[in-house]
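Given next are the chains, with one letter for each unit.
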Amino acid sequence: MTLSAIALAAPVFAQEVEEESTSFHHVLKTYFIDGGPGFMALIALALALGMAFVIERIIYLNLAEVNTKKLVEEVTSAVEQGNIDEALEISKKTRGPIAEVFAQALIRTKDGQDLDAIDKAIASYGSLKSSALETNLSWITLFIAAAPSLGFLGTAVGMVQAFDDIVKAGDISPTVVAAGMKVALITTIGGIIVAILLQIFYNYLLAKVEGIVSDMEEASIDLEDSIIRYKSK
């Protein structure tokens, strides 16, 4: 294809893309209005708030993830060599809940506390950090449940309005019934779509939380083993 042909085709392609985008926006706007601006706005609000919590959790969990294998190797190596201060410094410089749990255990090791106290510290801080990882996930589940519920409520209200239209028209023709049912069911569709979208993100976040917690438990066991070897010398 020559440069002149490309130059001629480019405006046509751009126009087609613009028309397609405008058409999609128009259809979306039409369905939003047909479904009832009140209920559709509430469903859109549920989506916006749910996604806000999703984005916040994704950022937090990504920051909580570290190279666990490297951290465990560096800390346990320092502990077994008797360099508790070095191990503590490595833990403090590393971000994330695993390093914070390590720091608490190493502080007690440095203070000469026994293994029971160290084990309790690891369990307590591990539980605390696990809870922190799950923060705001309950809000996401709330919006997952709220979105379809709002959709069903909108459908129920729409059906009542549809029957009112039938009564006013004095006719139960398919045209009158179908028009009312279409409008009523749009809110249900919107609510279900929002719930499905948030559910996908929720499962993704839950998998990340479980992965971090699992790494934290395994790393804590390795650290305890290294502390036992250090104290047995």
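Residues numbered from 1 in each chain as written. Predicted model: local features only at pLDDT ≥ 70, side-chain atom pairs only at ≥ 80, totals over all residues. Heavy atoms only, no water.

A.B. asks: What's the story with helix α5 (residues 97-110) in this structure? I'm lost.
C.D. replies: Quick reminder: α-helices carry 3.6 residues per turn. Residues three or four places apart thus point the same way. Helix length check: α5 (14 residues) gives 20 Å between terminal C-alpha atoms against 20 Å at 1.5 Å per residue, within 8%. Among the 14 residues of α5, eleven are classified as buried, and the element is accordingly described as predominantly covered. Among the residues of α5, those classed as buried are Pro97, Ile98, Ala99, Val101, Phe102, Ala103, Gln104, Ala105, Leu106, Arg108 and Thr109. Gly112 sits one or two positions beyond α5 and adopts a positive phi of about 85 degrees. (Helix = DSSP H or I, 4+ residues; strand = E, 2+ residues; numbered from the N terminus. Expected span 1.5 Å × (residues − 1). Buried < 20%, exposed > 50% of the residue type's maximum accessible area, 1.4 Å probe, protein only.)

A.B. asks: Teacher, can you tell me more about the pattern of salt bridges here?
C.D. replies: Side chains that differ in charge, positive against negative, can pair when their charged atoms come close. Following the criterion strictly, the structure yields six salt bridges and no others. Residue Glu56 pairs with Arg57 through a salt bridge whose shortest N-O separation is 2.8 Å. With a closest N to O distance of 3.9 Å, Lys93 and Glu89 form a salt bridge. In this pair, Lys93 and Glu89 are both assigned in helix α4 (residues 84-93), four residues apart and thus about one turn of the helix distant. (Salt bridge = Lys/Arg side-chain N within 4 Å of Asp/Glu carboxyl O.)

A.B. asks: What's the story with the side chain of Ser220 in this structure? I'm lost.
C.D. replies: Mapped onto the secondary structure, Ser220 falls in helix α8 (residues 174-232). With relative accessibility at 8%, the residue Ser220 sits in the buried group. Ignoring any residue separated from it by four or fewer positions in sequence, one finds Ser220 in contact with Val101, Phe102 and Ile122. (Contact = heavy atoms within 4.5 Å.)

A.B. asks: Please explain the packing of helix α3 (residues 68-80) against α4 as it appears in this structure.
C.D. replies: When two helices pack together, their arrangement is given by the angle between the helix axes and the distance between those axes. In the contact formed by α3 and α4, the axes pass within 7 Å of each other and the chain directions differ by 160 degrees. Taken together, α3 and α4 sit at an angle that is classed as roughly antiparallel. Seen from above, α3 lies across α4 with left-handed handedness. Facing Leu71, Glu74, Val75, Ala78 and Val79 of α3, the residues of α4 in contact are Ile84, Glu86, Ala87, Ile90 and Ser91. (Axes fitted to C-alpha atoms, helices over the stretch in contact; angles between N-to-C directions. Parallel < 35°, antiparallel > 145°, perpendicular 65-115°, else oblique. Left-handed = near helix turned anticlockwise from the far one by under 90°.)

A.B. asks: Is there a simple way to think about a negative patch on the surface in this case?
C.D. replies: On the surface, a cluster of negative charge is made up of Asp215, Glu217, Glu218, Asp222 and Asp225. Note on placement: Glu218 falls in helix α8. (Patch = residues over 30% accessible without salt bridge, like charges linked within 9 Å, V, L, I, M, F, W, Y side chains within 5 Å. Areas by Shrake-Rupley, 256 points an atom, 1.4 Å probe, with all protein chains shown as cover. Lys, Arg positive; Asp, Glu negative; His and termini not counted. Charge placed at Lys NZ, Arg CZ, Asp CG, Glu CD.)

A.B. asks: Looking at this model, I keep getting lost on a nonpolar patch on the surface. Mind explaining?
C.D. replies: A contiguous nonpolar surface patch, about 390 Å² in accessible area, is contributed by Phe152, Ile192, Ile196 and Ile200. The greatest single-element share of the nonpolar patch, amounting to three residues, is contributed by α8.

A.B. asks: What is the right way to read unusual backbone geometry from this model?
C.D. replies: Glycine aside, negative phi is the norm for most residues, and most peptide bonds take the trans geometry. Unlike most non-glycine residues, Asn136 shows phi in positive territory, near 75 degrees. Mapped onto the elements of the fold, Asn136 is located in the loop between α6 (115-133) and α7 (137-169).

A.B. asks: Can you walk me through the side chain of Ser91 in this structure?
C.D. replies: Tracing the backbone shows Ser91 in helix α4. For Ser91, the residues in contact, after removing those within four places along its chain, are Val75, Ala99, Phe102, Ala103 and Leu106.

A.B. asks: I keep staring at the packing of α3 against α5 and nothing clicks. Help me out?
C.D. replies: Axis separation between α3 and α5 bottoms out at 11 Å; the angle between their running directions is 10 degrees. Judged by the angle between their axes, α3 and α5 are roughly parallel. Note that α3 runs across α5; the crossing there is right-handed. In this structure, α3 uses Thr68, Leu71, Val72, Val75 and Val79 to contact α5, whose residues at the interface are Ile98, Ala99, Phe102 and Leu106.

A.B. asks: Before we go on, may I ask you to explain the environment of Ser226 in this structure?
C.D. replies: With respect to the helices, strands and loops of the structure, Ser226 is situated in helix α8. Aside from chain neighbours lying at most four places away, what touches Ser226 is Thr76, Val79 and Glu80.

Keep in mind that these numbers describe shape and distance, not what the molecule does.
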